[in-house]
Each structure stands twice: as structure tokens, then as C-alpha cells.
Amino acid sequence: MFGCRGYTITTECIKTAIRFQLTSCMPLTKKKRGLHFLNLSLYQLHVGPGEGRDTREPGRKIKIMEHLVSMFGPDEDESTSASNTEHPQSSECVKCSQTAKNMVAEMPSALPPEEEEGNVEYKLKLVNPSEFRIEHLVTQMKWRLEEGHGEAIYEIGVEDSGFLAGLTDDDLEASLSTLHRMAERLGASLEVLREKVVEEDASGNRKRALEVLVRKVPDDQQFIDLKLAVLGNVDVGKSTLLGVLTQGELDNGRGRARLNLFRHLHEIQSGRTSSISYEILGFDGNGQVVNYSACGSVEEICEKSSKLVTLIDLAGHHKYLKTTIFGLTGNCPDFAMLVVSANTGIVGTTKEHLGYALALNVPVFVIVNKVDMCRPAVLERTLQQLEQILKSPGVKRIPIRIENSDDAITAAGSLDSRKITPIFMVSCVTGKNLDLLKQFLNILPPVTPNSERERLAQDTTEFQIDELFSVPDVGPVVGGIIQRGSIREGDHLLLGPCDNGNFMEVKVKTVHRNRLPCRLIQAGQAACVALADIGRDMLRKGMVLVSLDSSPSCCKEFEADVYVLFHNKSITVGFQTTIHIGTVCQTAVITHIDRPHIKTNEKARVTFTFKFKPEYLRVGSRLLFRDGRSKGMGEVTKINPYEEVNR
């Protein structure tokens, strides 16, 4: 069941066997973020305003790091113990990560200075402001909410320099009352995340500081939307975890919670996901979970939620790797959740999936599942094995074990810095730490800056198609993500490329998001679009819907800067491989290389030619290619238009 775009759909499970291991990442682009309570330790460790990613904006140069190759190669024995998988690390790295882990649960006495940009606002006090002052504060809150895509963090009792002065109980109550007045004028909701007792005397008088989450759904949206890809090896409990989160009921230890997520009979019989399934988890204005336990339908969840997390359940078995990669590249997730089994550790495709997320520059956090099934010593071994991988030279992350609410809130605010990796230890049977995971997902902020969203929304329309299906009495419907621009009911768009490279004009009949009809979708949103006057046999995955005035062109031949992550021998002209570029997945042949051959850990500029059909590509798009054990990555640098090639 396709639970997030509007219609019931079925996809064919494509089986392609491939296995490799990786634990590295791509370099990152700089992006400012505000630091919240408890982030001072990471700020002092130079993990503060960090680096961001740019997976949706083509034309921006993507550099490739040589150390990524150290994470690839032939499969290791799945029974390899933690002692055999240790990665060399400097004492400085160990000391740094241990310091961060020890400090993250402590409240700091000061925060970094307030930044003019971002969604974090410091306020010393808000006691009895004038009406003119209220108008100014409301305007300021509106701007902070726009910066945070509908979410803002207010630090009450904190000076602009970051010093925690604190407020008395009366002043703090008056400040919260003013904050409520401000939020009511904007139609926003407040949620107190935590407090800090700054000082307390012998008579019991105290001064406190508060951290408050302000949330308001943007005017052009029904709710704040995040996409979360779920990765991990087979049989680690990915689908079960999603079932527990979305159904609101614990598992019985035999996989009952996962049954609602399966889309095919053979998945129910084998207990293994082979396709891409979607579920939603909502949060209301007070931060309470909205799921199927209190709502009877997707429509009701959407109605009651101010924030909606779309959970993308991907296959864990190595023979479904093609489907998993397609789910990662085609859905453009905001975050990735890597699930690891506590009793088996890092085995199978775990490193492989982690590497794909890092290569696509998606922030990752880790769930150690099934902690109720193993002894503490086994759990600790798994955690140490995981931490060694995360601290290895290729990944360079600081693992943070989430053990309380403060840890979860801090990690949510700092995850986009690409410097830390939160680790949750949960059980779907006993429910251990599931409340921390829900709190983390509630506070997790959007990653795309407001200015970038506005720029993409004003661009010409580009809707990438990754699902095809037919609905009775509706006709052909395409599902996907709108990368640029906007689509409304009744719009006339160009659909293509067809097999001959042409684009045809189509009309948009209806638009649905999360099974609910809507009149408008904008850049970054996943939706389903019903098309008029076109047959189902004329549609295929990888096509796009673009504006009439965009003059689109397709290609069957393109150039790319590639980096070989692993290959047994050497790659020469004539090498065939499967190319993944967004929703495009097709076999291509290397027809030219700027050197005689390329081997593992080598870069080159090559020319690819698709074997079957032309595709719509953009310069700057990131690509992955694979063939058996061989794998590599790169960036599209030049497109040779299909019409010119034919002539």
C-alpha cells in the first residue's frame, strides 16, 4: 500500500544481486545552523555551525574524496566480530568523541552568541511589553519561523551574547505569557522543551532559563513535511520498528507490527521487504504523536498533524539493492535512519547502506534495535563496533549515545551539522527508548534553507516520476517529487522524454498529497498527479513533467567526472554499468575515457551512452554506477542533446 501520495499502487520487485561495503562520505557544503541548549560542548569541539548538502541543486560542483575508496571492496564474513572490524583511529579522535559524549548530557552555563540568520532567537525577558513592542516581536517571530520552515527555537532568559542569566518564576511566567500572545497572533503553537536552573539560593529562590519550540505550518502548506529513509541489513527489524511507530502498538516478538507495511504476499510469507513502502507519522502542535492508534485513516492523521514525517521503508536484502538505491536517489530523503540489530552487529548490507547515504550526503542517525534480545555485553560490543566505524577516517563522525531527553533534543538540533551521529538503543517489544526516538523526530528540523526553497519554488516546473499506476475512473496517475516550480490543477505541462526523444503536452486533472486532494504542490513535495489524454503504456519511470516554456531537451550521451570506488581490474571503453541519476535507472556503456583505463581509487572524465532510451538529465546531477562488485560515483558535467546526436 502506497500510504503517502494519494492512491493505492503496486510496483514490480526488481532483483539485482550486488554486495559491497562502505563507510565513508562525500565532502560537504557550508551551511549555518543555530545551536540550542547543550550544544555548547559540540560548539567547543568545533562541531557547531557545520556543513550542509546540496543534492537537489544541479550545476553545483561536487568534489570527490579519495579516502572514500577505503570503504569499498569484497564482502567480509558476516560473522566477523567487533575485534576484527576495528578501524585505526587517533587518540585525539577518541578523546574528542568521548568528551562530546560526556558533555552532551550536561546543561551549559552559556550558549554561543546569537546569530542574525537561522531559526534560533535569544530573549532575556518578555515582561509587559508595549503594544508597539508586541508588534515588533510578532514580526520577528514570523521571520524566525520562515527561517526554520515553520519551526523556531526561543531561548528565554538568555542574553544575546549567549550568557544564561535566568529569570525568576514571576518573570518567567510573564515572559511565557507574552510568548503565547505572540504565537496566537500568528496561529502558532508552543512547546516547552526543557529548562535550566541557573542559580538557586538557600531560601529556595531560583532563576531559570527555558527552551521553547514554536511551530506554525507555513501558509502555503497543510503541514511541515520531512522525508526519512529507513536503511539497514535484512532481519534487523526495520519494518517492525516503523509498524510500532505508526500503529502505536508494541510488537509481540514475532513481527506482528510489520504486517501492515508489507505490499506483497511473498513479503508477508518471508517477512522480508522487497519493495519501497511508505508510512506516515504525525505530530500535533503540542508535540504529541498522531498515528493510527488514535486516527482511523491517513486523512485524519494529516488533519490533526502540524508536522508529518514520511517514513520510506527500503529493502535490506542485497538482492534488492537496485530497489533500495532507487528509493534513496529518487525520493531525495531529508534524513536517513540506519537500523542495526543489537545481537548481530554490523553485518550484511549495513555498511553498504550507510555508505550510500553518506555518498548522497544525507544526514544519518542510527537505531540499535532488539536490545531486549541480547545481554549487556553483546549490546556493548555492537555499540563499540558501530562507534569505531563512525569514527573511522572515511566517516569522521562523533557518535553520541542517546540516553535521555536532553540528549535527544541536542542531537536533533545538531544532526544537520554532519559532525555527529546519534545512536538510539530501542526495543519494539518492551518499548524501551521509543519515547526518545519520537521526541527526536518531533524536533528534527527541515534541512533546506528558506531562501533555497523560495528560489526553487519560483523556478520552472520539474516533476520527476518514480511511480506509475492506474486508478479506476481516474486514469493514469504518476507519483514522484516536484524538484522545482509548482503544479496546479488544470496546468498544461510537457511530459517526456518518449522513446524518440520528444516531449508531449498533457493536462493535469487532479493533484493529491497523502491521499488528500490539493490544488497546489511546490518544490520539495511528494505527490501524485493524474494526467488527461494519455495512455498508461506511454508512461515510464524516469520521465519528467516540465513547464511548456522550459524548452526541455533529453540526451542519450553525456559526460561525467567519475571516481571508481571498487573494481577488480581496470575499466576501459566498452564497460557496461547500471546508472542511477535521481529517478533515472538504465544501463549505459562507456564510449570514451580521457585516459587508457581507470582502476580503483582513480578519477577520470568519461562519456556514457544509454543503451535503450534517452533520458532527461541536468548538469551537476550526482550519479551512482554499479555492475556486480564494481561501483563508483560521479557528477554529470556535459549533456549532448539527443537531437544533435541523431543528426
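Each remark here, short or long, concerns the structure printed above.
Note that the coordinates shown come from a computational prediction; the quantities given were computed from them, not determined experimentally.

1. So, the pattern of salt bridges
Point 1. Applying the stated criterion across every chain yields a total of 24 salt bridges.
Point 2. Close ionic contact of R185 with E131 constitutes a salt bridge, the shortest N to O distance being 2.6 Å. Separated by 54 residues along the polypeptide, R185 in helix α4 (residues 169-186) and E131 in helix α3 (residues 131-147) bring together distant segments of the chain.
Point 3. We classify R185 as partly exposed; its relative accessible area is 40%.
Point 4. The class of E131 is partly exposed, set by a relative accessible area of 45%.

2. Let's talk about the packing of helix α8 (residues 321-331) against helix α9 (residues 350-359)
Axes are the key here: two packed helices are described by the angle between their axes and the distance separating the axes.
Point 1. Orientation of α8 relative to α9, taken along the N-to-C sense of each, is 25°, at an axis distance of 11 Å. Compared by their axis directions, α8 and α9 come out roughly parallel. In terms of crossing hand, the pair formed by α8 and α9 is right-handed. Contacts from L321, T324, I325 and L328 in α8 reach E352, H353, Y356 and A357 in α9.
Point 2. Across the contact of α8 with α9, the residue classes tally to five nonpolar, two polar and one charged.

3. Digging into the sheet that holds strand β4 (residues 151-156)
The pairing of strands in a sheet comes from backbone hydrogen bonds and takes either a parallel or an antiparallel form.
Point 1. The sheet built from four strands is open, its strands ordered β3-β4-β6-β5 with mixed pairing. Each of the sheet's edge strands pairs with one partner strand only, and the pair in question is β3 (120-123) and β5 (189-200). Along the sheet, successive strands turn relative to each other by an average axial angle of 15°, direction set aside.
Point 2. Taken strand by strand, α4 contacts β4, β5 and β6 (206-215), and its axis lies near 10° from that of β6.

4. Observations regarding the packing of aromatic side chains
Two aromatic rings are characterised by how far apart their centres lie and by the angle between their planes.
Point 1. For the coordinates displayed, the defined rule picks out seven aromatic pairs.
Point 2. Taking 4.9 Å as the distance between ring centres and 65° as the angle between the ring planes, the aromatic pair formed by F365 and F440 counts as edge-to-face. Here F440 lies in helix α12 (residues 434-443) and F365 lies in strand β12 (residues 364-369), a separation of 75 residues in the sequence.
Point 3. Residue F365 is classed as buried on the basis of its relative accessible area, which comes to 0%.
Point 4. Pairing F558 with F610 gives two aromatic rings, centres 5.4 Å apart and planes at 40°, and the pair type is tilted. With F558 in strand β24 (residues 555-566) and F610 in strand β27 (residues 603-610), this pair connects stretches of sequence that are 52 residues apart. Summarising the burial analysis for this pair, F558 and F610 share the class buried.
Point 5. Among the aromatic residues, ring-to-ring pairing joins F558, F608, F610 and F625 into one connected group.

5. Considering the environment of F440
Point 1. According to the relative accessible area criterion, F440 is buried, its value standing at 0%.
Point 2. Separated by 16 residues in sequence, F440 and F424 place their C-alpha atoms 10.0 Å apart.
Point 3. Apart from the residues lying within four places of it in its own chain, the contact partners of F440 are F365, A408, A411, A412, L415, P422 and F424.

6. Considerations on helix α11 (residues 405-414)
Point 1. Of all ten residues in α11, eight are buried, a share of seventy percent or more.
Point 2. Along α11, the positions that sit buried rather than exposed are D407, A408, I409, T410, A411, A412, G413 and S414.
Point 3. Between a side-chain oxygen at the N-terminus of α11 and the backbone nitrogen of D406 the separation is 3.2 Å; the capping residue is N404.

7. Let's talk about the nonpolar core
Point 1. L241, M337, F365, I367, F424, F440 and L441 are the most contacted members of the largest nonpolar core, which has 48 residues in total.
Point 2. The biggest single contributor to this core is α12, with six residues.

8. Considerations on the environment of G535
Point 1. Within the secondary structure, G535 is located in the loop between β22 (526-532) and β23 (544-547).
Point 2. Linking G535 and P476, residues 59 residues apart in sequence, is a C-alpha distance of 6.8 Å.

Rules and cut-offs
Residues numbered from 1 in each chain as written. Predicted model: local features only at pLDDT ≥ 70, side-chain atom pairs only at ≥ 80, totals over all residues. Heavy atoms only, no water. Salt bridge = Lys/Arg side-chain N within 4 Å of Asp/Glu carboxyl O. Helix = DSSP H or I, 4+ residues; strand = E, 2+ residues; numbered from the N terminus. Buried < 20%, exposed > 50% of the residue type's maximum accessible area, 1.4 Å probe, protein only. Axes fitted to C-alpha atoms, helices over the stretch in contact; angles between N-to-C directions. Parallel < 35°, antiparallel > 145°, perpendicular 65-115°, else oblique. Left-handed = near helix turned anticlockwise from the far one by under 90°. Contact = heavy atoms within 4.5 Å. Nonpolar A, V, L, I, M, F, W, Y, C, P; charged D, E, K, R; others polar. Pairing = 2+ DSSP bridges. Phe/Tyr/Trp six-rings, centres within 6.5 Å; stacked < 30°, edge-to-face > 60°. Polar contact = N/O pair within 3.5 Å; in protein donor to acceptor, adjacent residues only side chain to side chain. Core = buried A, V, L, I, M, F, W, Y, C linked by side-chain atoms within 4.5 Å.

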